[in-house]
Amino acid sequence: MVEMDERETVLGSLKGYLAELLESGVDELPFGQPVAGEREKRAAVQAPTAPAGGVPQAPAPPAAPEPAAPVHAEASSRPAAPEDSLRLDGDPRARLLFVMHGSGFAGEAGELLEKIVIAMGFGKEQVSLLSFASGEASRAAVAGRIAALAPEVVVSMGEEAAALLFQSEAPLQRLRGRFHDLSGIALMPTHHPEAMLENQGLKRDAWNDMQQVMGRLGKGR
């Protein structure tokens with residue numbers, strides 16, 4: 001009797017539980033593990049959609065930003081043009097232009113040239129001096145600069161400047177002492193200040209040449 005009473009009590013409780021489920025809208029309860037078809041349906045719902053004819057793939061990671069191109073200081077590999085080796089000092093509009101190799105009015109040679117210019121009645125800012133590094137200038141570059149400056153008189157100083165302008169290996173001693181024509185510009189070759197420093201006797205020849213230049217420019221002798 002006791003077992004029958006317990007069974008009826010359990011059945012009554014179960015009926016009451018099922019009634020509550022029906023009232024809440026549940027009309028069936030799962031029993032045991034889902035069958036194979038049911039597992040496949042659930043997996044299909046949860047799995048990511050695969051492209052047609054392919055397999056599901058994980059989302060691609062975001063593309064890494066491309067590294068910025070390295071910034072390099074721009075270095076010129078262009079070889080120096082002949083014009084780059086020329087240096088101009090003084091007044092580019094001056095009537096008198098000196099041409100020689102060297103470093104302008106710098107050094108002992110430049111100081112001697114300045115003394116010659118002053119003795120001629122000019123200041124170094126009243127003449128122009130076109131200088132170039134030995135062996136680095138071309139005749140075309142020098143002649144082109146002279147044509148652009150268009151002075152009345154050009155004084156070439158030294159063997160190298162004379163060889164550039166005359167395109168000749170004639171010795172300077174044979175060229176100096178008189179004017180030559182340089183595309184319509186009067187050209188007077190004379191000694192380089194360095195040569196005059198080494199040989200003081202050349203100063204007299206150079207001064208004679210400068211006196212002719214002074215006369216050409218209307219300066220008193």
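Described in the following lines is the structure provided in the data block. Since we're looking at a predicted model, the values are computed, not measured.

**Observations concerning the packing of aromatic side chains**
Thought 1: This structure, assessed with the given rule, holds zero aromatic pairs.
Thought 2: One Lys or Arg, Arg216, reaches over the ring of Phe179 and ends 4.8 Å from the middle of that ring.
Thought 3: The side chain of Lys219 reaches across the aromatic face of Phe122, ending 4.5 Å from its centre.

**Focus on the pairing of strand E3 (residues 128-132)**
A regular strand places its side chains so that they alternate between the two faces of the sheet.
Thought 1: By the criterion of burial, E3 is predominantly enclosed, with five of the five residues buried.
Thought 2: Where burial is concerned, the two faces of E3 agree: the one with Ser128, Leu130 and Phe132 and the one with Leu129 and Ser131 are both buried.
Thought 3: Looking at chain direction, strand E1 (residues 86-90) and E3 are connected through five bridges and run antiparallel. What sits directly across from Arg87, in E3, is Ser131.
Thought 4: The sheet contact formed by strand E2 (residues 96-101) and E3 spans five bridges and is parallel. Across the sheet, Val99 pairs through a bridge with Leu130, a residue of E3.
Thought 5: Between the parallel elements E2 and E3, the chain passes through helix H3 (residues 107-119) in a crossover that is right-handed.

**Some words on the sheet that holds strand E5 (residues 180-182)**
Thought 1: In spatial order, the strands read E1-E3-E2-E4-E6-E5; together these six strands make up an open sheet with mixed pairing. For this open sheet the edge positions go to E1 and E5, each flanked by a neighbour on one side alone. On average, each strand axis in the sheet is tilted by 30° relative to the strand beside it, whichever way the strands run.

**Considerations on H3**
Thought 1: The end-to-end C-alpha separation of H3 is 19 Å, in line with the 18 Å expected for 13 residues at 1.5 Å each.
Thought 2: By the burial criterion, the buried members of H3 are Ala109, Gly110, Leu112, Leu113, Ile116 and Val117. Considered in projection along H3, the buried side chains sweep an arc of 160° and stay on one side of the axis. Across from the buried face of H3, at angles greater than 90 degrees, the exposed residues are Glu108, Lys115 and Ile118.
Thought 3: Where H3 is buried, its residues touch E2, E3, strand E4 (153-157), helix H7 (193-198) and helix H8 (202-216).
Thought 4: Downstream of H3 by one or two residues, Gly121 has phi in the positive range, about 95°.

Cut-off values and rules
- Residues numbered from 1 in each chain as written.
- Predicted model: local features only at pLDDT ≥ 70, side-chain atom pairs only at ≥ 80, totals over all residues.
- Heavy atoms only, no water.
- Phe/Tyr/Trp six-rings, centres within 6.5 Å; stacked < 30°, edge-to-face > 60°.
- Lys NZ or Arg CZ within 6 Å of the ring centre and 35° of its normal.
- Buried < 20%, exposed > 50% of the residue type's maximum accessible area, 1.4 Å probe, protein only.
- Helix = DSSP H or I, 4+ residues; strand = E, 2+ residues; numbered from the N terminus.
- Pairing = 2+ DSSP bridges.
- Right-handed = clockwise from strand over helix to strand, strands pointing away.
- Axes fitted to C-alpha atoms, helices over the stretch in contact; angles between N-to-C directions.
- Expected span 1.5 Å × (residues − 1).
- Arc of directions from axis to C-beta.
- Contact = heavy atoms within 4.5 Å.

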